[in-house]
Amino acid sequence: QVQLVESGGGLVQAGGSLRLSCAASGRTFSPYAMGWFRQAPGKEREFVAGINWSGGSTYYADSVKGRFTISRGNAKNTVYLQMNSLKPEDTAVYYCAARYTIVAVTPAHEYDDWGQGTQVTVSS
C-alpha cells in the first residue's frame, strides 16, 4: 500500500499558476504509475493527468492539455502537477492516486490508493 499526501492547493486568480505536489510513502519497492484527478461540486471525479513509473510517458485530459504538466521527482516517490493559465472551471478538489503497475490509465477505478485531496479555487 502507498500512502499519498497532496499539497500546494489554494486560491488563485484566473490566468495564474499553482504547483501541486504528491508525496508517496510505503510501497516504494514496487513500481507504480501515478495519476492526478479532480472533482468539482456536483460532478464526478475526472482524470486530469497520468505518468508512468519511468516518468517517460505522460497523459492528459483534453481540457488541460498545453496548460498542465505532470512530472515525477528523481526518486520517483514525488509527483508534481504544474498548472498554468488556470481557469475558473479548473476549480475542484485535486487528488493524486497510485496504480500498482508501470502504466498510467484514465479510469479512476483502476487506481489502488488515493490521497486526501487538496482544494484548488480559481477566481474570475
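Shown above is the structure to which this text applies.
My aim in this report is to walk through the structure given alongside it, one point at a time. Computed from a prediction, not measured in an experiment: that's the story for all the values here.

A look at the state of the cysteines
Think of a disulfide as a covalent bridge from one cysteine sulfur atom to another cysteine sulfur atom.
Then step 1. Tallied over the full model, the rule gives one disulfide.
Then step 2. Bridging Cys22 to Cys96, the disulfide has an S-S length of 2.0 Å. As the torsion about the S-S bond is roughly 55 degrees, the Cys22-Cys96 disulfide counts as right-handed. One end of the pair, Cys22, is in strand β3 (residues 18-26); the other, Cys96, is in strand β9 (residues 92-99), and 74 residues separate them in sequence. Each member of the pair, Cys22 together with Cys96, is buried.

Points about the environment of Arg38
Then step 1. Among the secondary structure elements, Arg38 is positioned in strand β4 (residues 33-39).
Then step 2. Distance from Arg38 to Ala49, taken between C-alpha atoms, is 9.8 Å for residues 11 residues apart in sequence.
Then step 3. For Arg38, the residues in contact, after removing those within four places along its chain, are Glu44, Arg45, Glu46, Val48, Ser63, Val64, Phe68, Glu89, Asp90, Ala92, Val93 and Tyr94.
Then step 4. A distance of 2.6 Å separates a polar atom in the side chain of Arg38 from a polar atom in the side chain of Glu46.
Then step 5. For Arg38, the side chain forms a polar contact with the side chain of Asp90, separated by 2.9 Å.

Brief notes about the pairing of β3
Then step 1. Pairing analysis gives six bridges linking strand β1 (residues 2-7) to β3, with the strands arranged antiparallel. Pairing of Gln3 across the sheet is with Ser25, part of β3.

What to know about the pattern of salt bridges
A side chain of one charge can pair with a side chain of the opposite charge if their charged atoms are brought near each other.
Then step 1. Tallying each qualifying case throughout the model produces five salt bridges.
Then step 2. Between Arg67 and Asp90 there is a salt bridge, with its nearest N and O atoms 2.8 Å apart. Taken as a pair, Arg67 in the loop between β6 (58-60) and β7 (68-72) and Asp90 in the loop between β8 (78-83) and β9 lie far apart in primary sequence, 23 residues in all. For the pair Arg67 and Asp90, one class covers both residues: buried.
Then step 3. Two residues, Glu110 and Arg99, come together in a salt bridge whose shortest N-O distance is 3.3 Å.

Rules behind the numbers
Residues numbered from 1 in each chain as written. Predicted model: local features only at pLDDT ≥ 70, side-chain atom pairs only at ≥ 80, totals over all residues. Heavy atoms only, no water. Disulfide = S-S within 2.5 Å. Helix = DSSP H or I, 4+ residues; strand = E, 2+ residues; numbered from the N terminus. Buried < 20%, exposed > 50% of the residue type's maximum accessible area, 1.4 Å probe, protein only. Contact = heavy atoms within 4.5 Å. Polar contact = N/O pair within 3.5 Å; in protein donor to acceptor, adjacent residues only side chain to side chain. Pairing = 2+ DSSP bridges. Salt bridge = Lys/Arg side-chain N within 4 Å of Asp/Glu carboxyl O.

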